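Analysis of the macromolecular model
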Amino acid sequence: MDGSLRVPRGVPGALAVWWVVVGCGSASGGTNIGEPMLDSGLAVEVVAQGFSSPVFAAAPAGDPRLFVVEQTGRVWIVRDGQRSGTPFLDISSKLRAGGERGLLGLAFHPDYATNGLFYVDYTDRSGDTQIERYTVSGDPDLADPGSAKLILSIEQPYGNHNGGMVMFGPDGMLYIGMGDGGSANDPQDNGQNRGTLLGALLRLDIDGGDPYAIPPDNLFAAEASARGEIWAYGLRNPWRFAFDPVGDALYIADVGQNAWEEINIAPAGEAGLNYGWNIKEGAHCFRSLMCDDAGLVEPAVEYGHGDGCSVIGGYVYRGAQIPDVVGHYFYSDWCGGWLRSFRYANGEISEHTEWQVGDIGNVLSFGEGANGELYVTSQNGMVYRVVSGE
């Protein structure tokens, strides 16, 4: 698919959530890491259900609660398997959900326990990206809707490829994933344009300025023709990125166009990397058989559309409940519906595994609890926790 809404065959009711990773087609292809081993050593258990397009789940540091984000503009708290009766936050009136638009991301400040600050990424009623800060109210289960503070507004030329992930890195900076602005084939060449915030991973110093400061170690901070907020660029639609502080690595799952899905892995502190879109899709020249790929970062993992259609990025597991998979990066695919993982170390991929966990529907996103345990959110309205199958 070239940026238009099209329901995959055999996926009833998919239209409402196809936006998540839209922009893929039905070309055949393969994978550069071989067929995964099949393993039944993991399972999933339902943590909560009944959500409408649950596109993310997160938790503040040290907090036993899980916060589930709905595309429609609400954030719910799950505690001990029970969903709160009232949303923690409801900004549905500020946005128009549907297609690839809506409430897309949530990040808690590293000092949330003391300052109560958190950040959301959504597209407003005009379709433009808004990054806002909110504060929790006197009730720890309710945000203060009147505390909204605009951090960054980014105009969107089309309705798709909005990115939407916001996350604090190990360095305390706020990272924001931005798609290339949409349509198909990156018609504005935003992926390779450092003068726009589109098609890039942004890095902001939230605590160093009002509403933010540009970190001086952002590679383009002093480049007159570039946006200093850019940490990395050449991205099409990063549908989830994650840091692994233990491995000192940044993982970015970038949705492909018509043929290839990719996962990029780079040192967490390496600034200014160019991930190649729209010169390349995955490891392949995009518009021609030959292209100049000098200076481009090759994906660590790619797979073709014979194996899925839209990558869903997850996390490196660092929890305590499943010691056998500590250090595995988990990911999925919206069409594939599988749960896979691999281990990355010293530039090598190993232990590529597909876990036989049963039907988990069309996966929308992953989530990570404060204790490092892994969650999966699905189009079927379920939030699952990954557990040992033994």
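Every value quoted in this text rests on a predicted model; they were computed, and no experiment measured them.

1. Some points on the overall build of the protein
When helices and strands are counted, the protein shows one helix and 29 strands. In terms of overall size, the protein behaves like a compact globule, its C-alpha atoms giving a radius of gyration of 19 Å where 390 residues would be expected to give roughly 21 Å. Dimensions along the principal axes, computed over C-alpha positions, put the protein at roughly 60 × 55 × 40 Å. Out of the 390 residues belonging to the protein, those deemed buried represent 58%. Considering only contacts within the protein whose residues lie at least 6 apart along the sequence, 57% involve residues at least 24 apart. In the form shown here, the protein has an accessible surface area of approximately 14,400 Å², with 47% of it arising from carbon and sulfur atoms. Separation between the mean location of the 23 positive side-chain charges and that of the 49 negative ones in the protein comes to 7 Å.

2. Quick notes on the sheet that holds strand β22 (residues 301–304)
Ordered in space as β16-β17-β18-β22, the four strands form an open sheet in which the pairing is antiparallel. Looking at the sheet topology across the chains shown, the edges are occupied by β16 (238–244) and β22. Neighbouring strand axes in the sheet, compared pairwise and without regard to direction, differ in orientation by 10° on average. As judged from the five bridges shared by β16 and strand β17 (residues 249–254), these two strands associate in the antiparallel manner. Each bridged residue has a counterpart across the sheet, and for Pro238 the counterpart in β17 is Asp254.

3. Structural notes on the sheet that holds strand β19 (residues 273–274)
Reading across from one edge, β12-β13-β14-β15-β19 is the order of the five strands in this open sheet, with mixed pairing throughout. Because the sheet does not close on itself, it has two edges, and the strands there are β12 (166–168) and β19. As defined by bridge partners, strand β13 (residues 174–177) adjoins strand β14 (residues 200–204) across four bridges and the pair is classed as antiparallel. Of the residues in β14, the one forming a bridge with Tyr175 is Arg203.

4. A look at the pattern of salt bridges
The final tally for this structure, using the stated rule, is 18 salt bridges. The partner of Asp90 in a salt bridge is Arg74, and the shortest N-O contact between them spans 3.3 Å. Residue Asp90 is found in strand β7 (residues 89–90), and its partner Arg74 is found in strand β5 (residues 74–79); the two are separated by 16 residues along the sequence. Exposure remark for Arg74: the relative accessible area of 27% places this residue in the partly exposed category. With a closest N to O distance of 2.9 Å, Arg343 and Glu351 form a salt bridge. Connected through shared salt-bridge partners, Asp63, Arg65, Arg79 and Asp141 make up one network.

5. Re the environment of Ala370
Inspection of the secondary structure puts Ala370 in the loop between β27 (363–368) and β28 (374–378). Residue Ala370 is classed as partly exposed on the basis of its relative accessible area of 39%. Sequence separation between Ala370 and Leu66 is 304 residues, and the spatial gap between their C-alpha atoms is 8.4 Å. Leave out the neighbours within four places in its chain, and Ala370 touches Ala59, Pro60, Ala61, Gly62 and Asp63.

Here is what the cut-offs are and how they apply
- Residues numbered from 1 in each chain as written.
- Predicted model: local features only at pLDDT ≥ 70, side-chain atom pairs only at ≥ 80, totals over all residues.
- Heavy atoms only, no water.
- Helix = DSSP H or I, 4+ residues; strand = E, 2+ residues; numbered from the N terminus.
- Rg over C-alpha atoms; globule rule 2.2 N^0.38 Å.
- Buried < 20%, exposed > 50% of the residue type's maximum accessible area, 1.4 Å probe, protein only.
- Contact = heavy atoms within 4.5 Å.
- Areas by Shrake-Rupley, 256 points an atom, 1.4 Å probe, with all protein chains shown as cover.
- Lys, Arg positive; Asp, Glu negative; His and termini not counted.
- Charge placed at Lys NZ, Arg CZ, Asp CG, Glu CD.
- Pairing = 2+ DSSP bridges.
- Axes fitted to C-alpha atoms, helices over the stretch in contact; angles between N-to-C directions.
- Salt bridge = Lys/Arg side-chain N within 4 Å of Asp/Glu carboxyl O.

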